[in-house]
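# Understanding the architecture of this molecule
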Amino acid sequence: MNRSNFPINSETGPEESGIFIQGPSLSLEETSLSVIEEMMNMPDLSDLHVEGLSQIPLGKLRINAVRLHAVCRYKKGVKKTDEISPDSVRCIDIHPRALNDQWSRYANFLLFHEFLHALGFSNHGKEFRRVEALWHDREACEMGRSFSSYLRNLNARWLWVCPSCDMKHTRSKRSNGRYRCRLCLRPLIDVKGELHDC
C-alpha cells in the first residue's frame, strides 16, 4: 500500500501572505467515520453497501504529491467494468496536507468522492456527478484548485520572474531561459529560494 510515514508538519506557522495556515492534523479514521455516517443518511445511497466502507484501509499519499489529492486503489485484477464494492478496494489514500483544520472540509469531500468510487461509481460519468452533487458542502467541492495551488507553492523550489513586468510563477524546475512572459514576451529569470509567500 502507498502509506506514507511522513509526519504532517503541524508546526508550520502562517505563510508570509497569511493565506496558508497549517493547523493541527486530523485523524483520518475519525474523518472517514463522519463521512460514512453522513453517507448512510443519504437516501440515494441506501441501496449500496455503505457500511462496508469502514473496512477499507486508509492511507496517505506522498507528502510532495502535487497533482493527486486522493485515490481509490482497487485490488489486483479488479477492472473498472466489474461489479465494484468496498471488498474490491485495496485502499484509499488521501494527501496528508489535507488533514488539518484549514483543509478539513476539502478532506471530507475527498473521502466522499473516493468512497463513491469504492461503491461502484468507477468513472466520472453523469451518474457519478449526480451522486457526488449530494454532498452538503458545495464550497468544499470547489476547493480543489486552491488546494493544488497551495501544494504547488509549498513544493516549489524556483520562482520564474519576468524582469520587465515582475510577473512571478512558482515552479519546481528551472526555466533556463526557455520560457517567456505571457504579457511582455521577455525571457523569465530563475530565482532560487523559499517561495511560500508567492
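The structure reproduced in this document is the subject of the present report.

Reading the values: the criteria
Residues numbered from 1 in each chain as written. Predicted model: local features only at pLDDT ≥ 70, side-chain atom pairs only at ≥ 80, totals over all residues. Heavy atoms only, no water. Helix = DSSP H or I, 4+ residues; strand = E, 2+ residues; numbered from the N terminus. Buried < 20%, exposed > 50% of the residue type's maximum accessible area, 1.4 Å probe, protein only. Contact = heavy atoms within 4.5 Å. Phe/Tyr/Trp six-rings, centres within 6.5 Å; stacked < 30°, edge-to-face > 60°. Core = buried A, V, L, I, M, F, W, Y, C linked by side-chain atoms within 4.5 Å. Pairing = 2+ DSSP bridges. Axes fitted to C-alpha atoms, helices over the stretch in contact; angles between N-to-C directions.

## Looking at the overall build of the chain
Within the chain, the regular secondary structure consists of five helices and six strands. Counting from the amino terminus, the chain carries its helices and strands in the arrangement α-β-β-β-α-α-α-α-β-β-β. For the chain, the residues scored as buried account for 43% of the 198 residues in total. Within the chain, residue pairs in contact and separated by at least 24 positions form 62% of the contacts whose partners lie at least 6 positions apart.

## Notes on the packing of aromatic side chains
Counted under the stated rule, the structure contains six aromatic pairs. Look at Phe147 and Tyr150: their rings are 6.1 Å apart centre to centre, the planes differ by 35 degrees, and that puts the pair in the tilted class. Note that Phe147 and Tyr150 are positioned in helix H5 (residues 144–155) at a spacing of three residues, about one turn of the helix. Tyr150 matches Phe147 in its accessibility class, with the two residues each being buried. Centre to centre, the rings of Trp160 and Tyr179 are 4.8 Å apart; their planes meet at 15 degrees, and the pair counts as stacked.

## Remarks on the nonpolar core
Core analysis: the largest hydrophobic core is formed by 41 residues, its most contacted members being Met39, Leu53, Ile92 and Phe112. The leading source of residues in this core is helix H2 (residues 104–118), at nine residues. With sequence-adjacent residues up to four places away left out, Met39 is seen in contact with Leu45, Val50, Leu53, Phe112, Phe115, Leu116 and Leu119. With five residues, the next largest nonpolar core counts Trp158, Trp160, Cys162 and Cys181 among its residues.

## As for the sheet that holds strand S4 (residues 158–161)
The three strands lie next to each other as S5-S4-S6, forming an open sheet whose pairing is antiparallel. The outermost strands of the open sheet, each flanked by one partner alone, are strand S5 (168–171) and strand S6 (189–192). The sheet shows a mean angle of 30 degrees between the axes of neighbouring strands, direction not considered. Taken together, the four bridges between S4 and S5 define a ladder with antiparallel strand orientation. Across the sheet, the residue bridging to Val161 is Lys168, located in S5.

## Observations regarding the sheet that holds strand S3 (residues 89–94)
With respect to topology, three strands assemble into an open sheet ordered S1-S3-S2, the strand pairing being mixed. Bordering the open sheet on either side are strand S1 (58–60) and strand S2 (70–74), each of which pairs with just one other strand. The average undirected angle you get between the axes of adjacent strands in this sheet is 25 degrees. As judged from the three bridges shared by S1 and S3, these two strands associate in the parallel manner. The residue of S3 that forms the bridge with Lys60 is Ile94. Contacts from H2 reach S1, S2 and S3, with the element oriented near 160 degrees to S3.

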